[in-house]
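Fold and geometry: a report
This is what each chain is made of:
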Amino acid sequence: MSDITPRVFSGVQPTGNLHLGNYLGAIRKFVALQESHDCIYCVVDLHSITAQLVHEDLPGQTRSITAAFLAAGIDPKRHIVFNQSRVSAHAELAWIFNCVARIGWMNRMTQFKDKAGKDRENASLGLLAYPSLMAADILAYRATHVPVGDDQKQHLELTRDIAAKFNNDFAQKIAEAGLSTPIPMGEGQTVEGYFPMTEPLIEGPATRVMSLKDGSKKMSKSDPSDLSRINLTDDADAIARKVKKAKTDPDALPSEVAGLAGRPEADNLVGIFAALAERSKAEVLTDFGGRAFSEFKPALADLAVQVLSPITGEMRRLLDDPGHIDAVLKDGGERAGAIAAKTMADVKQIVGFLG
Ligand code: TYM
């Protein structure tokens with residue numbers, strides 16, 4: 001028997017500036033889950049070289065994401081914060097998963113299609129195998145819950161497919177090694193296996209924060225227009241300017257959520273307000289229904305500054321002491337490595353690798 005304990009894992013890439021979407025869709029949930037679960041939060045530097053190989057300042061980007069985790073309230077003593085490349089199990093397990101997963105599965109990933117664009121032949125092999133490394137991140141810790149934004153949903157479905165195929169293909173070997181355990185499959189069903197069926201945690205009003213310039217595009221680190229996003233490093237003036245310039249329509253805000261249908265920009269700004277205020281969209285519209293954007297936008301900017309400025313200030317303070325950040329990552333890497341080493345030893349035994 002090899003019991004699976006409830007555990008949270010999630011990761012953020014050290015590419016570009018962290019924005020409000022990353023905060024509301026992911027990092028704020030990371031903070032909340034610390035009360036109920038053992039959590040492992042990872043700066044996924046191995047993933048960051050899949051789309052762009054050479055970065056101007058990868059160490060600085062890694063420290064900056066770590067500072068954002070800590071400034072938002074993640075406690076690296078009670079939980080684990082580290083950067084992915086420190087723990088070699090991620091790359092080792094990803095290799096095995098590359099042999100479990102099928103090329104067809106990878107070709108169907110919408111993020112691969114988006115990132116590779118028209119010239120797929122010229123994308124790195126790493127970009128194609130990206131979801132297999134992501135499955136390895138999660139399953140190296142046999143994590144049961146993964147908080148993410150909506151854009152990661154398909155990758156998490158693939159993680160479950162990889163776990164299920166591994167459990168199925170190696171069923172006999174897992175049993176022979178004495179490593180079989182009941183895996184909950186939903187609706188009270190269980191099967192015997194080694195890896196859990198990880199559950200995505202994608203909920204709340206901000207699972208998909210959209211661009212401030214185009215309500216049909218997601219807010220993204222890679223959008224060439226800085227006006228499209230609120231960065232965690234923006235000061236109060238920048239936030240106010242970006243909210244003021246955010247695209248809207250000419251109508252006043254509706255009084256009910258149904259009135260947001262067909263108004264993507266209005267829906268997005270109300271969703272952002274709701275998430276920042278930790279209220280529902282309906283409650284926000286009770287207060288602002290019938291009011292013009294010229295009244296709503298300053299209230300939204302004030303709220304964003306109120307929520308983000310303590311985090312921005314603390315990030316700056318932490319980044320003044322890179323030695324402390326590096327010590328956090330080193331300690332986290334050692335503790336993560338110890339958990340992942342046990343999984344790798346099991347997996348090597350199951351697959352039949354000596355040593
Ligand atoms: P990344 O670095 O692109 O984004 C980090 C987190 O932010 C969420 N997110 C958003 N949420 C709401 N609205 C948005 N506009 C928005 N943009 C980004 C993402 O969903 C994510 O939760 N592949 C992952 C990193 C990763 C990972 C993992 C995540 C690697 N291994 C294992 C979970 C588990 C990524 O590129 O996230």
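Note that the structure is predicted; figures quoted are calculated from it, not measured.

Definitions and limits used
Residues numbered from 1 in each chain as written. Predicted model: local features only at pLDDT ≥ 70, side-chain atom pairs only at ≥ 80, totals over all residues. Heavy atoms only, no water. Salt bridge = Lys/Arg side-chain N within 4 Å of Asp/Glu carboxyl O. Helix = DSSP H or I, 4+ residues; strand = E, 2+ residues; numbered from the N terminus. Buried < 20%, exposed > 50% of the residue type's maximum accessible area, 1.4 Å probe, protein only. Phe/Tyr/Trp six-rings, centres within 6.5 Å; stacked < 30°, edge-to-face > 60°. Lys NZ or Arg CZ within 6 Å of the ring centre and 35° of its normal. Domains from an automatic or database assignment. Contact = heavy atoms within 4.5 Å. Polar contact = N/O pair within 3.5 Å; in protein donor to acceptor, adjacent residues only side chain to side chain. Nonpolar A, V, L, I, M, F, W, Y, C, P; charged D, E, K, R; others polar. Axes fitted to C-alpha atoms, helices over the stretch in contact; angles between N-to-C directions. Left-handed = near helix turned anticlockwise from the far one by under 90°.

**Brief notes about the pattern of salt bridges**
A complete count under the given rule lists 20 salt bridges for this structure. Where K242 meets D226, a salt bridge forms, and the shortest distance between an N and an O atom there is 3.0 Å. Pair noted here: K242 is in helix α10 (residues 236-245) and D226 is in the loop between β7 (199-201) and α10, with a separation of 16 residues, a long-range link. You can call K242 buried: its relative accessible area is 2%. Given the relative accessible area of 35%, D226 is considered partly exposed. In this structure, K281 and D267 form a salt bridge, with 2.7 Å as the shortest nitrogen-oxygen distance. With a gap of 14 residues between them, K281 in helix α12 (residues 281-288) and D267 in helix α11 (residues 264-277) connect regions that are remote in the sequence. Given a relative accessible area of 22%, K281 falls into the partly exposed group. The partly exposed category is assigned to D267, whose relative accessible area is 27%.

**As for the packing of aromatic side chains**
All told, the structure shown has 14 aromatic pairs when counted by the stated rule. Between the aromatic rings of F30 and Y41, the centroid separation amounts to 4.4 Å while the plane-to-plane angle is 10°, which identifies the pairing as stacked. Of this pair, F30 sits in helix α1 (residues 20-33) while Y41 is found in strand β2 (residues 38-43), placing the two residues eleven residues apart along the sequence. Grouping residues by exposure puts F30 and Y41 together as buried. Within the aromatic cluster, the residues linked to one another by ring pairs are F97, F166, F170, Y194 and F195. For the cation-ring pair, R142 lies above Y194, with the distance from its terminal atom to the ring centre recorded as 4.0 Å.

**As for the domain arrangement of the protein**
Annotation of the protein at the domain level lists domain 1 (7-205 + 321-351) and domain 2 (226-318). Each of domain 1 and domain 2 was reduced to a C-alpha centroid, and the two centroids are 31 Å apart. With 18 residues of domain 1 at the contact, the number on the domain 2 side is 19 residues. Run the count over domain 1 and domain 2 and you get four residue pairs in polar contact (both at pLDDT 80 or more). Those elements that place two or more of their residues in the side of domain 1 that touches domain 2 are α1, α3 (58-72) and α14 (322-351). For the side of domain 1 that touches domain 2, the element with the highest residue contribution is α3, accounting for six residues. When its residues are assigned to classes, the side of domain 1 that touches domain 2 shows twelve nonpolar, four polar and two charged.

**A few points about the environment of R160**
Among the secondary structure elements, R160 is positioned in helix α8 (residues 153-169). Take R160: its relative accessible area is 28%, and that puts it in the partly exposed class. The spacing of R160 and F195 is 35 residues in sequence and 8.9 Å in space, taken between C-alpha atoms. Setting aside chain neighbours within four positions, we find R160 in contact with M197, T198, E199 and P200.

**Describing the packing of α11 against helix α13 (residues 293-319)**
With their axes 10 Å apart at the nearest point, α11 and α13 run at an angle of 40° to one another. The crossing of α11 and α13 is left-handed. Contact residues: A266, L269, V270, I272, F273, L276 and A277 in α11; F293, F296, K297, A299, L300, L303, A304 and V307 in α13. Broken down by class, the residue content of the contact of α11 with α13 amounts to 14 nonpolar, no polar and one charged.

**A closer look at the side chain of T66**
Tracing the chain through its elements places T66 in helix α3. Owing to a relative accessible area of 0%, T66 belongs among the buried residues under this scheme. Among the polar contacts made by the side chain of T66, one reaches the main-chain carbonyl oxygen of T62 at a distance of 2.7 Å. Residues in contact with T66, not counting those within four places in the same chain, are V43, V81, I325 and L329.

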